[in-house]
Amino acid sequence: MNIDFYFMDKAGIVAVAGWTTELRPTLRLHVDGDVLIPLAVTRHVRRDLRSSEPMGLIALFDLSGLDGHTDPEQATIHLADGAEFSELHNHRLREDGGRLVEIGVDEVFFALLRLMAQRRLVLSDARIGREIQARLRLAPSAARETESHGLAVDSCQMAATGQGAVIGWFMPAQASAEPLCALAVADESIVPVEMLADSMARADLSGYAPRYRFTGHDGYCGGWRFSDPPKGAARLLLMIPGDDFRPGVWVPVETVPAADLARQVTRATLGIEDVADRSRLRRAMLPPILPVPRLAAPGETAHQRGDTLLILDHDLADSDLRDVLRHVEPHLPGRLSLQLLRARLSPVLQSAVDGAAREATVGLHLHGVSLSMTQPEVMPDRVIFARSSTLFQFDPGPIFAPRSARPRVTLLDPIGTVLATPDAQAERFVRDLLPFVLSMPAAPFFALLDQVPDCFLTEEARLRLLAEALILQGAAELDRADIHCFFEGRTGPHCESFPDGRDWHAFDAQSRQLIEEASA
Amino acid sequence: MSRTVIVSHSHPNLRYGGGEVAAYRQFRYLLAQDEDVFFVGSTIGPEDSAKFFGSSQQVISFGPRDFCLRGRGMDAFTMEHPEIRDEDWIFEFLLALQGDVYHFHHFWNIGAGTIRRLRAARPNAKFICTLHELTAICANHGQMVKRSGELCYAASEVACAACVARPPIDFVLRKTRMIEMLALFDHLLSPSEFLRMRFEDWGIAPGRIAVIENGLDHHGSFPPETEAELLAKSGRFAFFGQATPTKGLDVLIRAAALIEASGASFDLPLSIEVYGVDKDGFTRLWPDLDVPACVQFRGRYRPEDCVGIMRTYGWIIIPSVWWENSPVVIQEARAAGTPMIASDIGGMAEKTAGWGLQFRVGDPAALAAAILSVHGRADVLAEHKARITKPINLRDFDAERSRMCEIQKKPFPSVQAETMKAC
């Protein structure tokens, strides 16, 4: 075998790229005393070899399973091809990945991209990302429809948070062992798309047979998530199986509101026939793990002016906002700023705020209207978060009283006294989405919030995570609302139903469950 | 106390309903007594406003003390102005009148926010509210009749949500808002015990609501009728009301059809005459109902002629299929000395007790039986007539209201002459 490049990724996979005329080379990797057989061997045609045979090769060896005594960075590594041994030098294991991207022939570069898209190789450092981006920037898009395949993209959308999904169909002319795969590219980030090829029933494509191979399940979908919200435009590279000479089909990613994406994904999910695949799609759009937010230092400073920032998920009729504000106003020790978790300010909402302000004895002003929380320029003394229905039905006196500066979680838990341990309380709090009000000093609130990833539809899901952490850490005062009759609000964007009947809160709860299952 | 501002959801110059008529009668009476009084009504909604108002006009004056505001249309569920500037205008207008007594008849078109702000701005004024129906309790037109048609006996968040198809939490908000608003009044008045009890069952503290009938001016006594006149009248029945489903005119027509179908022959002709509705109006509402020959539609009538017309009949029928409160038609029948056949529920049962006949609500057969039981019976008619007491007149109403609400009178003669002329 002629070795061109070899390198090791972050997951401990060694990739050896080169070419050989042998159909089935006998490759092994000798790592000190250990001998590894390839995890996978992919073949590709290389035009520089002036042959239409797939002489190009990338072999993958998994070093992550070696026992703890073997350090791949220090080990002596040889590639064996039959009786022929070639040493793989450690410095090249670190550097060759970049060299391949820089000077490798197109076919091996594209083969590398496929391995990345299939998550067989993880090249996640920013430098290689930049170099791949640079090389791909001018790469032409393959045709969506050729004699050998038909590819369609019904939607390719991403939320501002960097979570995205693609839905479409793909029909090759002939069956292929290789699946359709894809990479999402934005700024300097390249992430693999979790592709569920041949996962969605598409009886409507029968008209393409016999030109293409029709199976009835030719719909695909895929999901991805950039670890940081992209600043620039994103593109998707859909890589056609068997096409070694082109990178793939470029698809622009449309940035849409997170709820639109969730709606689209929910609809697509219903079309996936295998239930396990449904979870895979959702999980691909979520972070692998949720952090446990921690208070930097216990906030015990006394309130200064008593100013309150009320972050309100108004889940009642627009006009009822006035009553909610009037309900809390007599209990405010100082001025009230309102941050309304709505996409826009309707005339009725504006009128409701104005009406409440007319009747208020303390200052009341609208700080902002957005589905996302924003930190005010002038930090208030404290922040209170609640849904309107909760705030209206809970006793506002204790919630707004200028008591301790410790975080306080007031929740409705009719059977909570039975489960008095913090673990049990926190578990019920999360599992049953118990209505709650969170009140805490503003500075630690925003510091904690920064620790929670922006991967949910609702801010409540982030704050529930935050409140749960405070409960578990014993960092919050826990009050139970003494209410015998409670009704949840059913108005506002967060209560809108997706095609599967779930609202935004339930969607978030499922997202959280998927993350926790994956990280368990 | 010197200045009274009477506020109504409508103005009887534009619409003629029980609440606004009672409010306006009170205004006219007080004005005639040289009191410093203003009347503030409103158009019902944008349609009426467009008919009578210029595009930027906010108020029409029917006299120096008689105003009609431009109603923008208020959602009776929220009982708040959808736009704060409309509330601002009404609030400032009412505040500018500097009332010592604000007597509200209804709060629709006025708005809970207006009342709250006026209360805050006039802490020493006396605030009175006459409850004319059940709007505060019931979001289904304040009638406590479910959309399925069955009578409603009590409001609850869940039952109301099922009836009106809104989330239960909306009713939590609504009730809180209504209770809070009613708590701002120094005195709550109800024209019927029935209404008082419904409000107390709902959450108003016992003793907060005083019962006083609406005043109705009427002529003293009528000359006694001869036996022949009584016999003739015992075959004459009449309905006074509007063509709305809850007034139960269909029940009456079905009862008349049952009587006709029975094939009974009468020595004394039996006639049922319908006032306030013409045949076209009836057919529009109940296109599948045939009108029996004994029923005649007399169409609209002038309210001031009502008592005189009623006097010519033996029995007035009130077959409403909702509770009613204190229908003016019952007071008018009492003023006419004409007994009634009434549905056996709510304000009708209460107000006709002792001098009327009652039948099972919504039951045409029961109504037919009641009609037949008194048809041709001069003795029964005379007996019921003898039990009728006259309704409270405006003088007595005002005296009672002043006593209940602890209002001290202070004449204000300077405006009376010009105002009376203008009115």
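Residues numbered from 1 in each chain as written. Chains lettered and ligands numbered in written order. Predicted model: local features only at pLDDT ≥ 70, side-chain atom pairs only at ≥ 80, totals over all residues. Heavy atoms only, no water.

On to the overall build of chain A, then. If you tally the helices and strands in chain A, you get 13 helices and 23 strands. Taken along the three principal axes of its C-alpha coordinates, chain A extends 85 × 60 × 45 Å. Per-residue burial over chain A gives 55% buried out of 520 residues. Pairs at least 24 residues apart make up 75% of the contacts formed inside chain A by residues separated by at least 6 positions. The averaged location of the 71 negative side-chain charges in chain A is 2 Å from the averaged location of its 52 positive side-chain charges. (Helix = DSSP H or I, 4+ residues; strand = E, 2+ residues; numbered from the N terminus. Buried < 20%, exposed > 50% of the residue type's maximum accessible area, 1.4 Å probe, protein only. Contact = heavy atoms within 4.5 Å. Lys, Arg positive; Asp, Glu negative; His and termini not counted. Charge placed at Lys NZ, Arg CZ, Asp CG, Glu CD.)

Here the focus is the pairing of strand 9 (residues 149-158) of chain A. Residues and elements named next belong to chain A. Most of strand 9 sits inside the fold, with nine of its 10 residues counted as buried. Looking at chain direction, strand 9 and strand 10 (residues 163-172) are connected through nine bridges and run antiparallel. Looking at strand 10, one finds that C156 is bridged to V166. (Pairing = 2+ DSSP bridges.)

Attention shifts here to the pattern of salt bridges. All names here are of chain A. In total, this model carries 72 salt bridges over all chains according to the counting rule given. With its nearest N and O atoms 3.0 Å apart, the salt bridge here joins R462 to E459. Here E459 and R462 lie together in helix 12 (residues 459-472), a separation of three residues that amounts to about one turn. (Salt bridge = Lys/Arg side-chain N within 4 Å of Asp/Glu carboxyl O.)

All names here are of chain A. With six of its six residues buried, strand 20 (residues 382-387) lies for the most part within the structure. The pairing of strand 17 (residues 308-313) with strand 20 spans six bridges and is classified as parallel. Its bridge partner being in strand 20, D313 is matched across the sheet by R387. By the bridge criterion, four bridges tie strand 20 to strand 22 (residues 436-441) in an arrangement that is antiparallel. Counterpart to V383 in the pairing with strand 22 is M440.

So, on to the interface of chain B and chain A. Residue-level contacts link 22 residues of chain B with 19 residues of chain A. For the pairing of chain B and chain A, the buried interface totals around 1,700 Å² over both sides, and the portion due to carbon and sulfur atoms is 56%. It is I84(B), I169(B) and L173(B) in chain B that bury the most area against chain A; as a group they hold 34% of the surface buried on that side. Where chain B packs against chain A, one counts seven salt bridges. For E80(B), the salt bridge goes to R322(A), with nearest N and O atoms at 3.9 Å. (Buried area = accessible area lost by both parts, 1.4 Å probe.)

Residue and element names in this part refer to chain B. With 69 residues, the main nonpolar core has L94, F104, F107, L182 and F199 as its most contacted residues. Among the elements that take part in this core, helix 12 (residues 328-336) stands out by supplying five residues, more than any other. There are two domains that each give this core at least three residues, and those are domain 1 (3-215 + 393-422) and domain 2 (227-387). Beyond its immediate chain neighbours, meaning those up to four positions away, L182 contacts F107, L131, A136, L188, F199, W202, I204 and R208. (Core = buried A, V, L, I, M, F, W, Y, C linked by side-chain atoms within 4.5 Å. Domains from an automatic or database assignment.)

Further remarks concern the sheet that holds strand 2 (residues 36-42) of chain B. All names here are of chain B. The strand order across the open sheet built from eight strands is 3-4-2-1-5-6-7-8, with neighbouring strands paired in mixed fashion. The open sheet is flanked by strand 3 (59-63) and strand 8 (209-211), the only strands paired with a single partner. Going from strand to strand, the sheet's axes swing by 20 degrees on average, the running direction of each strand aside. Helix-sheet contacts for helix 3 (residues 84-96) involve strand 1 (3-8), strand 2, strand 3, strand 4 (66-69) and strand 5 (101-105), and the interaxial angle to strand 4 is about 170 degrees. (Axes fitted to C-alpha atoms, helices over the stretch in contact; angles between N-to-C directions.)

Residues and elements named next belong to chain A. The domain architecture assigned to chain A consists of domain 1 (2-124), domain 2 (139-284) and domain 3 (308-519). The centre of domain 1, based on its C-alpha atoms, is set 28 Å off from the matching centre of domain 2. Counting residues at the interface gives 11 residues for domain 1, matched by 17 residues for domain 2. Around 1,300 Å² of area is buried between domain 1 and domain 2 when both sides are counted, 60% of it from carbon and sulfur atoms.

Residues and elements named next belong to chain B. For chain B, the assigned domains are domain 1 (3-215 + 393-422) and domain 2 (227-387). Contacts between the two partners involve 22 residues from domain 1 and, on the opposite side, 19 residues from domain 2. Summing the contributions of domain 1 and of domain 2, the shared interface buries around 1,500 Å²; its carbon and sulfur component is 53%. Linking domain 1 with domain 2 are two salt bridges. Between E213 and K351 there is a salt bridge, with its nearest N and O atoms 3.2 Å apart. Summed over the shared surface of domain 1 and domain 2, the number is 11 residue pairs in polar contact (both at pLDDT 80 or more). Of all the elements, helix 7 (residues 193-202) adds the most residues to the side of domain 1 that touches domain 2, at four residues. Tallied by class, residues from the side of domain 1 that touches domain 2 come to 11 nonpolar, six polar and five charged. (Polar contact = N/O pair within 3.5 Å; in protein donor to acceptor, adjacent residues only side chain to side chain. Nonpolar A, V, L, I, M, F, W, Y, C, P; charged D, E, K, R; others polar.)

Residue and element names in this part refer to chain A. Take T215: it is sitting in the loop between strand 12 (189-200) and strand 13 (219-225). For T215, a relative accessible area of 33% puts it in the partly exposed group. Along the sequence, T215 and G168 sit 47 residues apart, while their C-alpha atoms lie 15 Å from each other. A polar contact is formed between the side chain of T215 and the backbone nitrogen of H217, at a distance of 3.0 Å. Within the local environment of T215, its side chain forms a polar contact with the side chain of D218, the two groups lying 2.8 Å apart.

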